[in-house]
Amino acid sequence: MFPFNRFLRLTIRFVLISLMTIALVISWGAIAQSQVPSLPSGAANNSFNPPSEVSRHGEYETASIKSPLDGKELFEVTSPTIFNRDKIPDGSLPVEVRAQDVNERLWRVFYRTYSAKKTPIVRIATLNNRPIIQISDDRSSRPIRFVTLTEPDADFNGKTLDELTQAWQTILQDEVARFKQLTTPEAVRQRLGQALQILLGLLIASAVIWFLRRILTRRQKTLESQYQEQLTASTNRVSLANAEAKKAHQSAPSISSETIAGEETEAREIADVRSHFLATLQHQFSVKRRLDIDKFLKWALFWIFILMWYVGIARIISIIPLLMRWSVYVWSTPLTLIAIWFGISLAIRISKSLIDRLLHSWKVNPLISLPEAQRIALRSTTIAEALKGLATFVLVISGIIWTLGLFNVPTSSIVAGGAIVGLAISFGSQSLIKDLVNGCLILIEDQFALGDVIQIDNKGGLVENLNLRVTQLRNNEGQLITIPNSAIANVCNLTRLWSRVDFSIVVDYDNDPKQVLDVLRQVSQQMYQEPDWCDRLPEPPEVLGIDDLSHTGMLVRVWLKTAPMQQWSVGREFRLRVRQAFEANNIRIGKPQSITYNMGLNSHIQEETL
C-alpha cells in the first residue's frame, strides 16, 4: 500500500506542476514558430513577404483604396510584384506606396467637396498617353489628379483601360455625391437628432438596468441571510433527529437488540437520520440555486448593458459623417473582443455551476455513510473554491492570449516566453509548488477540514481557514496560527467522524475494586441515558477496568466515544459526576505512600548518648 500512495503523490505533484507551467501558455492557436521570445516570427519584418495591407497574386500585388467617409473599399490598385522590398528595382513603385498616395489625394478631394457649393465632377483625362481620373470643383480652377490607370490595373481586373477608367469614374462620382449629400446642414441636423435619440434611449435603458440590478442585489442579500438562518436551523434539525433516534433506541426493550425486529428498527432509525441529513443538503442546494439564479441575472444584465452601449455607440458612429470613418473598426475588432470575453465569462459561470452540481451529487451519494457524507459536506467548500479558482485561472489566461492575438501581438513569442517564465517560476518557487501539492493531497485524502480540531507538531487548534497554500488554526488563547501546507507532515485530527474521552483515575488500595467499577458503570449509564447528553454519546461508555497497579494505587480507565467536538464538554461533565459519586460512596483517590527507614538508628544513638 505504501508504494501505491507514494506513486499517487508523485503523480499528483507532476500533474499540478505541469498545469501551473502550461496554464500561462494555453491557447487554441498554432504552435510557436520560434523557441525564444527575442526572435521574431517568420511573418514579421521579412523583406520577402508583402506588408499586411498588400495582397500578392502571383506577378501582381494589390492594395485597397478606401473611402475616408466610412472606410468602405472602393477599388484596388495593382502593381507588379516586388519580391524583395530591400532592393526595389529602378522604375518600380510598390503598390502600398501607390495606394497611400491615392488615399491621401482622396482625402483632399473630400475636404474640397465639403467646402464646395456644388458637387465636384469626376472626369477622365489623358496624361502621357495614359488615362487618368481627375476631379474638379467650383472653388479651384485646376482639377485634382486622382489616379493614373496602368496596364497591370486593367490586366488584373480583366478589362480594357477605357472600361476600367469608366468603372472607377462611376465609383468615385457616386462616392463624392454621397459625401456631399451627407454633409449638407439638413442631413447633419437630422443625423444629430437621431444620435441624440439613440443616446437618450441608452440612458433610459441604463437607468432601468440599474434599477433591476439594485432589486436583485437586495433580494440576494435577503436570500443570503435566509440561507445562513436555514443552514443553522437545518443543522439543529439533524442534531435533534439524531437525539430522537438515540432516545428511541434506548427506550426499546433489551431483548429487541437480539431479534430481527430490533435490528430492523435500528436500521429504520439510521435511515431516518440520514434522510433528514440529505433533505437538509437538498434544501441548502435549492436555496443556493436561487442565489445562483439571481447572480446569473445580474451577470446577464451587466452584459446586456455593455452590448446595448456598444451597439448604440456603433450606430451613432455610423450615422454621423465625421465619425463614419471609424464604423468599420467599431464593428470588427471591438465586437470580437466583446464576444471573446463574453464567452470566457459564460464559460467561467458554467464551470462553477458544474462544479457545484458535481460536489452536490457527491455529497448526496446514497452509497456513502452518514458520517462520511457529513465530512464531505465540511470540506466540499474548500474543494469547490480550489476547483473554481483553477478553472477561472485557465479561462482568463486563454482569454488574454486570444485578446493579444486579436490585436496582432505575436502570440508565438509570448507563448514561448511564457513557457520559459513558467518553468523559471516553477523551479524558483518550489516551496510554493510544495504548498499547493500538499494542499491538494490534504483535500483528496481528507486529512482534515474546516471546523476540525487538529494537532500539528507542537501547534494545535481549530481549523479556521484552509486553502491550497496555507492552513490557519485558532488555538485556545485566540491566536491565529498560519502554517504552510508544505510544513505539514504529521497531523493529529481530534474530531474526524468521532472523538473519545480517555478517562483514567487512580484509586486507593483500600477501596473495593468491584465497587469502584460498579460506580463508574452507574455514572456512565446514567449520563448516556440523559436526553441532554445522549446525542453527544453515540455509544455507551466503556468501563475497561484496572489498567495498572502502582505505589499510588489502582489505575482505572473508562472510554467515552463522543460526537466530533464534544469530547471536552463530555469529559468535564463526566469528571464532575465521578467526583461526586466517589464522595457519595466513600471511595478514596490514590496517593503516594511514604516509608521511614531511620527510626531504629535514631533510637540506638540516643541510648548510647545517655
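As the structure is a computational prediction, the values presented were derived from the model and not from experiment.

Visitor: I'm lost on the UniProt feature "transmembrane region" (unreviewed entry) in the protein chain in this one. Help?
Guide: The sites that carry the UniProt feature "transmembrane region" (unreviewed entry) are, in the present numbering, residues 192-212, 299-323, 329-348, 389-407 and 413-433. What you have in residues 329-348 is 90% helix and 0% strand, and the ends, taken at the C-alpha atoms, are 28 Å apart. Secondary structure within residues 389-407 divides into 95% helix and 0% strand; the distance between the first and last C-alpha atoms comes to 27 Å.

Visitor: Before we go on, may I ask you to explain the environment of Thr-150 in this structure?
Guide: Turning to its location among the elements, Thr-150 is positioned in the loop between strand E6 (144-148) and helix H3 (151-157). With a relative accessible area of 17%, Thr-150 lands in the buried category. A sequence separation of 73 residues divides Thr-150 from Val-77, and the C-alpha atoms of the two residues are 9.0 Å apart. Setting aside residues up to four positions removed in sequence, Thr-150 forms contacts with Thr-78, Arg-98, Arg-130 and Leu-161. Within the local environment of Thr-150, its side chain forms a polar contact with the side chain of Asp-153, the two groups lying 3.0 Å apart.

Visitor: Explain the packing of aromatic side chains here, please?
Guide: Between two aromatic rings, the relevant description is the distance of the centres plus the angle of the planes. Scanning the entire structure with this criterion turns up 7 aromatic pairs. When the ring of Phe-302 is compared with that of Trp-303, the centres are 5.8 Å apart and the planes differ by 80°; the resulting orientation is edge-to-face. The class of Phe-302 is partly exposed, set by a relative accessible area of 39%. Linked through ring pairs, Phe-296, Trp-299, Phe-302, Trp-303 and Phe-342 together constitute an aromatic cluster. A cation over an aromatic ring shows up here: Arg-536 above the ring of Trp-533, its NZ or CZ 4.4 Å from the ring centre. Looking at Lys-561, its charged tip hangs above the ring of Trp-498, at a distance of 4.6 Å from the centre.

Visitor: What is the right way to read the sheet that holds strand E3 (residues 73-80) from this model?
Guide: In sheet architecture, strand pairing relies on hydrogen bonds along the backbone and comes in two forms, parallel and antiparallel. In space, the 3 strands of this open sheet follow the order E1-E2-E3, with antiparallel pairing throughout. Looking along the sheet, the strands with just one partner apiece sit at the ends: strand E1 (54-57) and E3. For this sheet, the mean angle separating the axes of adjacent strands, direction not counted, is 30°. One ladder, built from 7 bridges, connects strand E2 (residues 60-66) with E3; its direction is antiparallel. If you follow Glu-61 over to E3, its bridge partner there is Ser-79. Against the sheet, helix H2 (residues 95-115) touches E1, E2 and E3, its axis set at about 20° to E2.

Parameters and conventions
Note that residues are indexed from 1 along each chain, following the sequence as it is written. Given that this is a predicted model, residues contribute local features only at a pLDDT of at least 70 and side-chain atom pairs are listed and counted only at 80 or more, while totals for whole chains, interfaces and linings are drawn from all residues. The side-chain figures draw on all heavy atoms in the structure; neither hydrogens nor water molecules are used. UniProt positions are given in the numbering used here, feature names are shortened, and annotations may be inferred rather than shown by experiment. Only DSSP runs of H or I with at least four residues qualify as helices, and only runs of E with at least two residues qualify as strands; both kinds are numbered from the N terminus onward. Summary of the burial criterion: residues with accessible area below 20% of their type's maximum are buried, those above 50% are exposed, and those between are partly exposed, where the area comes from a 1.4 Å probe applied to protein chains only. Contacts are assigned to residue pairs that have any heavy atoms within 4.5 Å of one another. Under this definition, polar contacts are N or O atom pairs within 3.5 Å; protein pairs additionally need one hydrogen-donor-capable and one acceptor-capable atom, and for neighbouring residues in sequence, both atoms have to be side-chain atoms. The aromatic pairing rule takes the rings of Phe, Tyr and Trp, using the six-membered ring of Trp, and pairs them if the centres are within 6.5 Å, calling planes under 30 degrees apart stacked, those over 60 edge-to-face and the rest tilted. Charges are assigned to positions over rings by a cutoff of 6 Å between ring centre and Lys NZ or Arg CZ, combined with an angular limit of 35 degrees from the ring normal. Any two strands with at least two DSSP bridges between them are considered paired. All axes here are fitted lines through C-alpha atoms, helices being fitted over the stretch that makes contact, and every angle between N-to-C directions spans 0 to 180 degrees.

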